[in-house]
Amino acid sequence: MIEFIAFTKKEYMESLRTYRLVTLAAVLLVFGILSPLTAALLPEILGAIDLGDGVVLTLPEPSAIDSWTQFFSNIGQMGMLAVIISFSGSMANEFSRGTLVNLLTKGMKRHVVILSKFFSASVLWTIGYALCLAVCYVYTAYYWPSDVITNAPFAFFSLWLFGEFLIAILIFSGTLFGSFYGALLSCFGAIVVMALLNISPAIQKFNPISLSGDTLALLSGHKEIADFFPAVIICVSAIVILIIASILVFNKKKV
Amino acid sequence: MSVLSIKGLSKSFGKNKVINNISFDVPEGSVFGFIGANGAGKTTTMKMILGLLPADSGEIFVCGEKVSFGATKTNRYIGYLPDVPEFYGYMRPMEYLRLCGELIGLKSDEINDRSAELLKMVGLADVNKKIKGFSRGMKQRLGVAQALINKPKLLICDEPTSALDPMGRKDILDILHEIKGKTTVIFSTHILSDVERICDRLAVLHKSEIVLESTLSDLKLERKSRAIELEFEDEIDSEEVLRVLKDGNLFPKKCEAANVEMSLESLYLEVAK
């Protein structure tokens, strides 16, 4: 536990001083503000564009659901990209720069590194996510105070869980390949594979990517919370397996 | 008592046998020079002592405890200075030593005291800039400080002077000289003059095997009555010296001209002071 606390403190100092925390929080915050704003302004913007011959696009009056649609699409894509870029180097840089040698030769246990990395990255992601969620929530409630969104808490949770899943993939691939691009490309690869698998309706239910991609169906009432349970179980199991696998790989890795 | 004991150690990378059945002991309190050419297997041996690499066969004991790969239990007796120590560039030296101190479970006061003491010893007491702005020599000195934070019984230095300029080399050797007697040191190098300066025991690793193991004083004693070193202010032809000796009926077995590298080094040290 002493080692875990010491190493985690180092992780937070790193996140602060290398601007990882600020960048991640800023990017997420921008999308938190932008989502309700885009939803509110989009009809006006499109309405102002003359398509020629006096044809003007008119969109229905925006509502809270449009704001959350923007939120889930923004965070599900750009937000996740920010997470991937932020944490690709977390494990990989330690290997490529050889900075763990001094610490491991002091007797620090190897699993501490993995657990601390996962924990600290999770906390950063959770803080950033909570921040942009809170901002989006407040703005949405301000613009459309009377709108009620069904299943919102579960949708928020499932997108957060998908972020955790990506962090676990990054830590595992960073440990396995020991390079920034190895981690980055493996994570993109995993997303592409999951997106391809999602074409098959039979797999969709179990596919962790549905936690990010299908949240809109949940908000609009096309899907039930229970429809997501298999994917949640698969996702949580995958996170646990990835973290254990990272420890096993790291134990056998030469530093 | 031996702080480090290696018995029949072998290691291959693929078909390349890097270490072939080597054995040696490092007694407590000694400064042990581990000599070998580049690629002789020094670093490989050290990494096996630290449990960072698995051995193919043989055993390593540190303070009587067996080293096993992956587990780092015996490392609590060891301080390790890698050939090029790497740090977190965004930290200051005091912060880095704090991290190291916390990892080995020292109390906050202890960390402060010991860090201050060590930074003073390595000449970094007044340096409060981030490590990313450090020169190689400064990093090496901080490397010594971090290696000593756990008051190790055995300090392992992997070519601590090879990558440094003569001034930085002298600094490191001075520091190692200062801790002589307090900690057992094993020190790998291919620079023989360094070994001569601070080591009292040495082993030579050549073509994967230990070809010589002795104390420095024994080695010197063997040569003592036989060799005389002459130094001249002016440039002088060795033939001329030999002629004078021959006239006096003295016939040396071997004649060596002045060591150019050595004189350049002392010249540099003189002007760079």
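Everything numeric here is computed off the predicted structure, so don't read it as measured data. (Residues numbered from 1 in each chain as written. Chains lettered and ligands numbered in written order. Predicted model: local features only at pLDDT ≥ 70, side-chain atom pairs only at ≥ 80, totals over all residues. Heavy atoms only, no water.)

**Quick look at the environment of Leu-211 of chain A**
Residue and element names in this part refer to chain A. In this structure, Leu-211 sits in helix α9 (residues 210–213). Residue Leu-211 is classed as buried on the basis of its relative accessible area of 0%. Between the C-alpha atom of Leu-211 and that of Leu-37, which follows or precedes it by 174 residues, the distance is 24 Å. Here Leu-211 is in contact with Ser-158, Leu-159, Leu-161, Phe-162, Phe-228, Ala-231, Val-232 and Cys-235, once residues within four sequence places are set aside. (Helix = DSSP H or I, 4+ residues; strand = E, 2+ residues; numbered from the N terminus. Buried < 20%, exposed > 50% of the residue type's maximum accessible area, 1.4 Å probe, protein only. Contact = heavy atoms within 4.5 Å.)

**Let's talk about the sheet that holds strand β10 (residues 209–215) of chain B**
Residues and elements named next belong to chain B. One open sheet accounts for six strands, arranged β6-β7-β8-β3-β9-β10; its pairing is mixed. The two strands at the open ends of the sheet, each matched to only one other strand, are β6 (78–81) and β10. Across the sheet, the mean angle from the axis of one strand to that of its neighbour is 15°, orientation sign disregarded. Pairing of strand β3 (residues 31–36) with strand β9 (residues 201–206), which is carried by five bridges, proceeds in the parallel orientation. Within β9, the position partnered with Phe-32 by the bridge is Arg-201. This element, helix α4 (residues 136–148), spans β6 and β7 (154–158) of the sheet and lies at about 170° to β6. (Pairing = 2+ DSSP bridges. Axes fitted to C-alpha atoms, helices over the stretch in contact; angles between N-to-C directions.)

**A short note on helix α11 (residues 229–251) of chain A**
Residue and element names in this part refer to chain A. Here α11 spans 33 Å end to end across 23 residues, near enough to the 33 Å set by a 1.5 Å rise per residue. Of the residues making up α11, those classed as buried are Pro-230, Ala-231, Val-232, Cys-235, Ala-238, Ile-239, Leu-242, Ile-243, Ser-246, Ile-247 and Phe-250. Close packing links the buried residues of α11 with α3 (64–97), α4 (100–104), α5 (110–143), α6 (152–177) and α9. (Expected span 1.5 Å × (residues − 1).)

**Remarks on the environment of Gln-70 of chain A**
Residues and elements named next belong to chain A. Along the chain, the position of Gln-70 falls in helix α3. For the pair Gln-70 and Ile-191, spaced 121 residues apart in the sequence, the C-alpha separation amounts to 21 Å. Setting aside anything within four residues of it in sequence, one finds Gln-70 in contact with Ser-35, Thr-38 and Ala-39.

**So, the nonpolar core**
Formed by 145 residues in total, the largest nonpolar core has its most connected members in Phe-71 of chain A together with Leu-4 and Ile-186 of chain B. Broken down by element, the residue count for this core peaks at 14 residues, all from α6 of chain A. (Core = buried A, V, L, I, M, F, W, Y, C linked by side-chain atoms within 4.5 Å.)

**A look at the interface of chain A and chain B**
Between chain A and chain B, the contact holds 28 residues from the first and 31 residues from the second. Around 2,600 Å² of area is buried between chain A and chain B when both sides are counted, 61% of it from carbon and sulfur atoms. Among the residues of chain A in contact with chain B, Asn-102, Thr-105 and Lys-106 of chain A are the three that bury the most area, contributing 27% of the side total. Linking chain A to chain B there are two salt bridges. As a salt-bridge pair, Lys-9 of chain A and Glu-102 of chain B come within 2.7 Å of each other at their nearest N and O atoms. Viewed at the interface, chain B and chain A are joined by eight residue pairs in polar contact (both at pLDDT 80 or more). Mapped onto the side of chain A that touches chain B, the elements with two or more residues apiece are α1 (2–17), α3 and α4 of chain A. The greatest single-element share of the side of chain A that touches chain B, amounting to nine residues, is contributed by α1 of chain A. Considering only residue class, the side of chain A that touches chain B consists of 10 nonpolar, seven polar and 11 charged. (Buried area = accessible area lost by both parts, 1.4 Å probe. Salt bridge = Lys/Arg side-chain N within 4 Å of Asp/Glu carboxyl O. Polar contact = N/O pair within 3.5 Å; in protein donor to acceptor, adjacent residues only side chain to side chain. Nonpolar A, V, L, I, M, F, W, Y, C, P; charged D, E, K, R; others polar.)

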